[in-house]
Amino acid sequence: MRYVIAVGGNAFRNGKVLNKLSYRIAALKRRGHEIVVTHGNGPQVGNLALHEKKNLAVLTKETQAVMGAAIKKSLIYVDREAGLEAKVVCTHVVVDKDDDEFVNPTKPIGEFCSRKEAERLARKGFVMKRLLKGYRRVVPSPMPLRIVELNKIRELLHEGRIAIAVGGGGAAVTSSGHGFKYADAVIDKDLASSLLAVNLKADRLFILTNVDGVYLGYHTRRARLLRRIDASSLRRTAATEHFESGSMMPKVRACIDFVSKTGKRAVIGNLLKADNVFELKGATVIVPRT
Ligand code: ADP
Ligand code: MG
């Protein structure tokens, strides 16, 4: 089977967590599955942007190199052969220069901060937003439309390698004449991973994050993990439930899109329990129909 595995930025806070995940990924590979690993870069690109005045697409490419290398190193540590054959693809993703996100940015990047720090950063020209757990900078996160290096990723899978691609959602570019122009934006990795999974005709999309899955009534005393739901019911639920924009909402949208376009299953689960998640246990499984 062909798997696209999207890893949240939290995996990179701790080497042990990344190694544990790599061990599971290498095990899937040994069982003969084709694997693409994608990852987020919200905290990392936000930190870089505090010190470097470069365009966010350029900074995303820097995070692709560093974080991709960390995944590869961790794979080598747990399974030398699989790790050495893994390859990082520096990926560009085309977006529309007229995407509404360039006017109304929604994607949180960097660390959470206090109100005072948020006010200081706002004076620097950053757009700051109050979220459930504190303040964060938000940046444009346009819809991913086309993955430039798609064929390269496909070739790696045919060669039996693990592809590490679309890091940080890919470096956002807009079409300009015969070429591309870097965009000052950070694409959501969940939406980019779903686009990749659809394009690759993947059999399954896994989104690994820091919660067990999608909760109904999240942040209330009646919070309940949604275990299994079909794509159209989830679409209806998303219209009424609180799925935070920029965090849970893009995961939900990514899964609905993948499942309805491919008729395959998508899973949102806890990266610390990846062994169970890969078995479709203890997580939210989105199915084509009930
Ligand atoms: P990642 O780096 O893995 O993409 P995010 O922070 O973007 O992680 O998304 C995961 C977060 O989504 C959780 O930590 C949680 O705070 C938030 N969240 C918002 N709404 C929900 C919900 N309904 N169910 C579960 N988590 C939710
Ligand atoms: Mg996220």
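What comes next is a walk through the structure. Computed from a predicted structure; not experimentally measured.

### A short note on helix α7 (residues 189-199)
Of all eleven residues in α7, nine are buried, a share of seventy percent or more. The N-cap residue of α7 is Asp-188: its side-chain oxygen and the backbone nitrogen of Asp-190 are 2.8 Å apart. Once α7 finishes, Lys-201 follows within two positions and takes phi at roughly 50 degrees, a positive value.

### A few points about the site of ligand 1
Lining the immediate environment of ligand 1, one finds 18 residues, of which Lys-189, Thr-209, Asn-210, Tyr-218 and Lys-251 sit closest. Contact between ligand 1 and Asn-210: an oxygen atom at 2.8 Å from a side-chain N or O atom of the residue. With respect to ligand 1, the side chain of Ser-247 contributes an N or O atom lying 3.4 Å from an oxygen atom. In isolation ligand 1 has 580 Å² of accessible area, and contact with the protein removes 88% of it. Comparing atom positions with the cavity grids shows ligand 1 to sit within the largest pocket. Of the residues contributing to the shell around ligand 1, the split by class is six nonpolar, eight polar and four charged.

### Focus on helix α9 (residues 248-262)
Under the 1.5 Å per step criterion, the end-to-end length of α9 is 21 Å for 15 residues, consistent within 8% with the ideal 21 Å. By the burial criterion, the buried members of α9 are Met-248, Pro-250, Lys-251, Val-252, Ala-254, Cys-255, Ile-256, Phe-258 and Val-259. In this fold, the buried residues of α9 make contact with α7, β12 (204-209), α8 (231-240), β16 (265-270) and β17 (284-287). Positive phi shows up at Gly-263, right after α9, with a value of about 70 degrees.

What counts and how
- Residues numbered from 1 in each chain as written.
- Chains lettered and ligands numbered in written order.
- Predicted model: local features only at pLDDT ≥ 70, side-chain atom pairs only at ≥ 80, totals over all residues.
- Heavy atoms only, no water.
- Buried < 20%, exposed > 50% of the residue type's maximum accessible area, 1.4 Å probe, protein only.
- Helix = DSSP H or I, 4+ residues; strand = E, 2+ residues; numbered from the N terminus.
- Polar contact = N/O pair within 3.5 Å; in protein donor to acceptor, adjacent residues only side chain to side chain.
- Near = heavy atom within 4 Å.
- Areas by Shrake-Rupley, 256 points an atom, 1.4 Å probe, with all protein chains shown as cover.
- 1 Å grid on protein atoms, 1.4 Å probe; cavity = no way out; pocket = protein on both sides within 12 Å on 5 of 7 lines; lining within 4 Å.
- Sits in = over half its atoms within 2 Å of the grid points.
- Nonpolar A, V, L, I, M, F, W, Y, C, P; charged D, E, K, R; others polar.
- Expected span 1.5 Å × (residues − 1).
- Contact = heavy atoms within 4.5 Å.

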